[in-house]
Amino acid sequence: MDVVARLATQSALVIFSKSTCCMSHAIKCLFYEQGVSPAIVEIDQYMCGKDIEWALGRLGCSPQVPVVFIGGKLIGTATTVMTLHLDGSLKRLLKEAGALWL
């Protein structure tokens, strides 16, 4: 869990992802289209990737990827991110965290 906490605070927007996951790709594209440059943690490319995946599960994330942190706070998985995007509150969270300036 310490690794997840440390990685989650390395940038205003952090996405825990797997390089082969189509939903991870979709979430990354959503943020890129918003003009945001997230820090991407491809857990399948980390030696401790299974530990990170286990820690994300312990935080209540199911599935374990993609998982988004904004401003160091757990936002959730793709479903939560899409809900926030559709109701307009995702941009507000990004602006408050300093990930989006416009």
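Read on for an overview of the structure. The shown structure was predicted, so the numbers you read here are calculated from the model rather than taken from an experiment.

Rules used in this analysis
- Residues numbered from 1 in each chain as written.
- Predicted model: local features only at pLDDT ≥ 70, side-chain atom pairs only at ≥ 80, totals over all residues.
- Heavy atoms only, no water.
- Salt bridge = Lys/Arg side-chain N within 4 Å of Asp/Glu carboxyl O.
- Helix = DSSP H or I, 4+ residues; strand = E, 2+ residues; numbered from the N terminus.
- Buried < 20%, exposed > 50% of the residue type's maximum accessible area, 1.4 Å probe, protein only.
- Axes fitted to C-alpha atoms, helices over the stretch in contact; angles between N-to-C directions.
- Parallel < 35°, antiparallel > 145°, perpendicular 65-115°, else oblique.
- Contact = heavy atoms within 4.5 Å.
- Expected span 1.5 Å × (residues − 1).
- Arc of directions from axis to C-beta.

## Side note on the pattern of salt bridges
Point 1. Enumeration according to the criterion identifies three salt bridges in this entry.
Point 2. Between Glu42 and Lys28 there is a salt bridge; the shortest N-O distance is 2.7 Å. Of this pair, Glu42 sits in strand S2 (residues 39-42) while Lys28 sits in helix H2 (residues 22-33), and the two are 14 residues apart along the sequence. Exposure class is identical for Glu42 and Lys28. Each is buried.
Point 3. Between Glu96 and Arg92 there is a salt bridge, with the nearest N and O atoms lying 3.3 Å from each other.

## Here we look at the packing of helix H4 (residues 78-86) against helix H5 (residues 89-97)
Point 1. The geometry of H4 relative to H5 is characterised by a closest axis approach of 5 Å and an angle of 100° between their N-to-C directions. Classed by the angle they form, the pair H4 and H5 counts as roughly perpendicular. Side by side, H4 and H5 meet where Val81, Leu84 and His85 of the first sit next to Ser89, Leu90 and Leu93 of the second.

## Observations regarding the side chain of Lys28
Point 1. Note on Lys28: relative accessible area 12%, which makes it buried.
Point 2. If we skip the residues at most four places from it in the chain, Lys28 touches Ile15, Ser17, Ile40 and Glu42.

## A look at H2
Point 1. The first and last C-alpha atoms of H2 sit 16 Å apart over twelve residues, in line with the 16 Å expected at 1.5 Å per residue.
Point 2. Restricting attention to buried positions, one finds in H2 the residues Ser24, Ile27, Lys28, Leu30 and Phe31. Buried residues of H2 fall within an arc of 155° about the axis and therefore sit on the same side. Summarising the geometry of H2, the exposed residues directed more than 90 degrees from the buried face are Cys22, His25 and Glu33.
Point 3. Residues of H2 that are buried make contact with strand S1 (13-17), S2, strand S3 (67-70), H4 and H5.

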